[in-house]
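Here are the chains, one letter per residue:
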Amino acid sequence: MRLVAWQPDDLLRRLDDVVAVYGEAMGYRQELLQTRRGYIGAHVRRAGFRAVATLTTDGRLAGFGYGYTSGPGQWWHDQVRSALTDDAREQWLTDCFEVVELHVRPAAQGHGVGARQLRALLAMADGKTVLLSTPEADEQKSRAWRLYRRFGFVDVLRHFHFPGDERAFAILGRELPVVERPVEDSPGIVGI
């Protein structure tokens, strides 16, 4: 598998594949996926847009991730902003990159694909902080949660409900840039 940086047009060309991976990874109903298709198509035009994709040797999309500069007037930003205190708004939203989507096909999970995608996306991100949302889950059992904690993401909001979704979400954040450090007892290996 190979990790590649995507430009907006790259993502749009593979939009069917992107929506399929999103649906497999999140377990969403087909009618919701059509709605997400429109959102994703619009997201590529946002300021600071960055995207990565993991392709198999035969060119199949195994995973993808993207984000952009978070700002007022954006639905997610405004929902999260309304739930934060003034101090938390200042700390987290003043100069923020939002990881909007980060997904790996279930068959490709557990092989470091998500970590490579997140590392690359954060290396390309502009801003002082990065935020993302993820469904609430058992932090020890959830691969996504273990990944985000390994990358130093901390709780910003917990048990948050977005309009139109019955599930509770956590809003997690960390400061940028990500500074890689050598992994102890493993010369030559770099970790987060």
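Thresholds applied
- For every chain, the first residue of its written sequence is number 1, and the numbers climb from 1 along that sequence.
- It should be noted that, the model being predicted, local features are given only for residues of pLDDT at least 70 and side-chain atom pairs only at 80 or more, the latter also being counted only at that level, while totals for whole chains, interfaces and linings use all residues.
- In computing side-chain values, all of the structure's heavy atoms are included and hydrogens and water are not.
- Numbering of helices and strands starts at the N terminus; helices are DSSP runs of H or I of at least 4 residues and strands are runs of E of at least 2.
- Contacts are residue-level and defined by heavy atoms, with any inter-residue pair within 4.5 Å sufficient.
- For this analysis, a ring pair means two rings from Phe, Tyr or Trp (six-membered ring only for Trp) whose centres lie within 6.5 Å, classed as stacked if their planes differ by under 30 degrees, edge-to-face if by over 60, and tilted for the remaining angles.
- When accessible area is computed with a 1.4 Å probe and restricted to protein chains, residues below 20% of their type maximum are described as buried, those above 50% as exposed, and intermediate ones as partly exposed.
- For a helix, the expected span equals 1.5 Å multiplied by the residue count minus one.

A. Representation of the environment of Lys-128. Structurally, the position occupied by Lys-128 is in the loop between α6 (113-124) and β5 (129-135). Considering only alpha carbons, one finds Lys-128 and Thr-94, 34 residues apart in sequence, at a separation of 8.1 Å. Residues contacting Lys-128, with those up to four places away along its chain left out, are Thr-94, Asp-95, Glu-175 and Leu-176.

B. Just the packing of aromatic side chains, in detail. The full count for this structure, using the stated rule, is seven aromatic pairs. Note on Phe-160 and Phe-162: the rings are 4.8 Å apart at their centroids and 85 degrees apart in plane angle, and the pair reads as edge-to-face. Across the pair, Phe-162 and Phe-160 agree in class, each one buried. Through a chain of ring-to-ring contacts, the aromatic side chains of Trp-75, Trp-76, Phe-160, Phe-162 and Phe-169 assemble into a single cluster.

C. Local environment of helix α3 (residues 30-43). Over its 14 residues, α3 extends 20 Å from the first C-alpha to the last, a length consistent with the 20 Å expected when each residue adds 1.5 Å. Buried-residue contacts for α3 involve α1 (8-13), α2 (15-26), β3 (61-69) and β4 (96-104).

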